[in-house]
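What the coordinates show
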Amino acid sequence: MCPQTVRNEAPSDDKRWKIINATMRRNGDDSHALIETLHSVQETFGYLDDVALSYVAKSLRTPLSRVYGVATFYHFFTLKPQGEHSCVVCTGTACHIKGAQALLSAIKGSFGVAPGETTADNKLSVISARCIGSCGLAPAVVIDGNVMGNLSPQTLVARVEREIG
Amino acid sequence: MTSPTRVVTLRIDDREVSAREDETILQVARDNEIFIPTLCCLEGLSTWGACRLCLVEVSGSNKLLAACATRVAQDLEVKTNTPRILAYRRTILELLFSERNHVCSVCVANGECELQNLAQRCGVDHIRVSYRYPELSLDLSNDLFRLDPNRCILCTRCVRVCDEIEGAHTWDVMGRGIDCQVITDLKAPWGESKSCTSCGKCVHVCPTGALSQRGTAIAEVHHHRDFLPYLTQMRGERD
C-alpha cells in the first residue's frame, strides 16, 4: 500500500480538530489508535457525530462500519450531544438489588428522561452504567463526575435539582 | 524453515481417527462424517466461534470447547453426542429462535435455511422460553438486495466475507449484548453505502433469510456458495 503522505483535510476550520490530529499522529496514524482517537473526539467535542466518525475512519484507514461498531460498543462514547450536567445511574448487581430502578423511575418522573436521553432544555443527560465499582455505596450515582452513594429516590432528585439549578 | 506437519491420532465418539496436528476437531469430524452442527463456521472464512453450536466434550477439560476453534492433539478423547451436549445444542437453538422473529412459514429462506435445518435435525419442536420479538425494521434501500434483521442470528458471515473476500468491509456489528445488529457503514441505509460494491457475497453466505435478493418471495431463496472455495483457492495460488 502507498504510504499516506498528505493528511486528510479536517471537516471544518474548528481548531479542535488539531487535538484529534495530534492524537492520531502520536499513534502513527494507525488503525490500532481507533479507540484512543475516539476518546480524544469524545473529550474534545463531547460526542461523536457522523462527520467526526467519517473523518477518523478515513484518517486511520479503517472501515466506517468498524468505527461505528466500536463507538456503539463502549458506553463511554455517545453519538448525541450531551447536556450540561450528567447523571450516571449504576445498574450493576448490587445497585440493582438496592433499588437502582427506583432511582431511574424517580428521574424519569421528575425530569422526563430515561437512560441515554437528554432533557429538552439540554440541562441534564441521564446514562445508565453496568457497575461503576462502588458496590459498597449501592445504590450509587455519579453526578458530574462525583460519586454519591446510599441514595433514596427523593435525595437523588433533590440533589440533581440543586446541580442543574 | 517450517517443520513438516505431524500426524496425530485421537478418538472422536470412540472412533479412532487420524489427523494433521494443525487441523481443528471440526475439520477432522467432518472428514470422518461425524456430525457436529455449526452456524457461524463457513469454509473459506476465518474462524469466529460465536454460535457455540459445535461445542464438544474434550478429555482433560471440564469446559465444553468449540470444535471449530480447538486444534486436535495426540490421544485426545472427543465426545460429540453426550446428553449434556445435546441439551446445550437444543438450548442454544431455542435461544436463537427466541431472540428475533424466526417464522419459517413466511420466510424467504424457508427450506434453504441452516437454522431451520439444524432445528429439525436436533429435534427442536417447541421453544421453552418466551419470544422477544424486538421491533426491527427492514432495509429495502438497496436496489438488488434486502436486509431483514429479524432473521439475523449475528453469525457475522456477511461481515467476514465482505472483509476477507470482497475486501470492502461494508458490514460490521454495532452495539453490544442483546442490542447487537449488523450495519452497513455508519448505520446508513444499505443502498446509500459508499463502500458496498453490491457484489452479493454476503447474501449468498447468509445462513438464514436475513439477507436476500430483491424479488424473491417465500421459500425462493437459493444460496450459491461455490464461489467461496473457488475465490480462496485462486487467491492462494497467486500468493
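Residues numbered from 1 in each chain as written. Chains lettered and ligands numbered in written order. Predicted model: local features only at pLDDT ≥ 70, side-chain atom pairs only at ≥ 80, totals over all residues. Heavy atoms only, no water.

For chain A, the count of helices and strands is 7 helices and 5 strands. Ordered by position from N to C terminus, the α and β elements of chain A give α-α-α-α-β-α-α-β-β-β-β-α. Along the first, second and third principal axes, the C-alpha atoms of chain A reach 60 × 30 × 25 Å. Counting only residues that meet the buried cut, chain A has 41% of its 165 residues in that class. Within chain A, residue pairs in contact and separated by at least 24 positions form 59% of the contacts whose partners lie at least 6 positions apart. When the accessible surface of chain A is totalled, it reaches about 8900 Å², and 54% of it is carbon and sulfur. (Helix = DSSP H or I, 4+ residues; strand = E, 2+ residues; numbered from the N terminus. Buried < 20%, exposed > 50% of the residue type's maximum accessible area, 1.4 Å probe, protein only. Contact = heavy atoms within 4.5 Å. Areas by Shrake-Rupley, 256 points an atom, 1.4 Å probe, with all protein chains shown as cover.)

Let's shift gears to the pairing of strand β8 (residues 181-184) of chain B. If a strand is regular, its side chains alternate between the two faces of the sheet. All names here are of chain B. The two faces of β8 match: Q181 and I183 on one face and V182 and T184 on the other face are all buried. In this sheet, β8 lies alongside strand β7 (residues 171-174) in antiparallel orientation, the contact comprising 4 bridges. Looking across to β8, one finds that M174 is bridged to Q181. Linking β7 to β8, which pair antiparallel, is a turn of 6 residues; within it G175 sits at a positive phi near 75°. (Pairing = 2+ DSSP bridges.)

With that settled, consider helix α4 (residues 157-166) of chain B. Residue and element names in this part refer to chain B. Counting buried residues along α4, 7 of its 10 residues qualify, which places the element largely inside the surrounding structure. Where α4 is concerned, the buried positions are R157, C158, V159, R160, V161, C162 and I165. Looking one or two residues past α4, G167 carries a phi angle of roughly 85°, positive in sign.

Residues and elements named next belong to chain B. Each assigned domain of chain B is listed here: domain 1 (7-81) and domain 2 (105-228). On a C-alpha basis, the centres of domain 1 and domain 2 stand 26 Å from each other. Of the roughly 1300 Å² buried where domain 1 meets domain 2, counting both sides, 68% is carbon and sulfur surface. Contact with domain 2 buries surface across domain 1, with L39, L42 and L45 losing the most and accounting together for 47% of the total. Along the contact surface separating domain 1 from domain 2 lie 0 salt bridges. Between the two partners, domain 1 and domain 2, sit 6 residue pairs in polar contact (both at pLDDT 80 or more). Across the side of domain 1 that touches domain 2, the residue classes tally to 9 nonpolar, 4 polar and 1 charged. (Domains from an automatic or database assignment. Buried area = accessible area lost by both parts, 1.4 Å probe. Salt bridge = Lys/Arg side-chain N within 4 Å of Asp/Glu carboxyl O. Polar contact = N/O pair within 3.5 Å; in protein donor to acceptor, adjacent residues only side chain to side chain. Nonpolar A, V, L, I, M, F, W, Y, C, P; charged D, E, K, R; others polar.)

Residues and elements named next belong to chain A. Across the interface, helix α1 (residues 17-26) lies against helix α2 (residues 34-45) with an axial gap of 9 Å and an inter-helix angle of 160°. By the angle between their directions, the pair α1 and α2 is classed as roughly antiparallel. The element α1 and its partner α2 pack so that their crossing is right-handed. Judged by residue contacts, W17, I19, I20, T23 and M24 of α1 engage E36, T37, S40, V41, T44 and F45 from α2. (Axes fitted to C-alpha atoms, helices over the stretch in contact; angles between N-to-C directions. Parallel < 35°, antiparallel > 145°, perpendicular 65-115°, else oblique. Left-handed = near helix turned anticlockwise from the far one by under 90°.)

This next bit is on the sheet that holds strand β3 (residues 124-129) of chain A. All names here are of chain A. With respect to topology, 5 strands assemble into an open sheet ordered β2-β3-β1-β4-β5, the strand pairing being mixed. What marks the edges here is a single partner per strand, and that holds for β2 (117-118) and β5 (146-148). Direction of pairing for β2 relative to β3: antiparallel, over a ladder of 2 bridges. Counterpart to T118 in the pairing with β3 is S125. Lying over the sheet, helix α6 (residues 100-111) contacts β1 (85-90), β2, β3 and β4 (141-143), oriented at roughly 150° with respect to β1. This element, helix α7 (residues 153-164), spans β1, β3, β4 and β5 of the sheet and lies at about 15° to β4.

A word on a nonpolar patch on the surface. Residues and elements named next belong to chain B. There is a patch of nonpolar side chains on the surface, built from V103, V106, Y131, Y133 and I218 and spanning about 460 Å² of accessible area. Topologically, Y133 is positioned in the loop between α3 (114-121) and β6 (145-147). Under the relative-accessibility criterion, Y133 is labelled partly exposed at 48%. (Patch = residues over 30% accessible without salt bridge, like charges linked within 9 Å, V, L, I, M, F, W, Y side chains within 5 Å.)

Bringing the interface of chain B and chain A into the picture now. If you look at the interface, chain B gives 12 residues, while chain A gives 13 residues. For the chain B face of the interface with chain A, the top three residues by lost area are H169, R176 and L186 of chain B, together amounting to 57%. There are 0 salt bridges connecting chain B and chain A. In this assembly, chain B and chain A are joined by 5 residue pairs in polar contact (both at pLDDT 80 or more). Here the element with the most residues in the side of chain B that touches chain A is β7 of chain B; it accounts for 4 residues. Here the side of chain B that touches chain A is built from residues that sort into 5 nonpolar, 3 polar and 4 charged.

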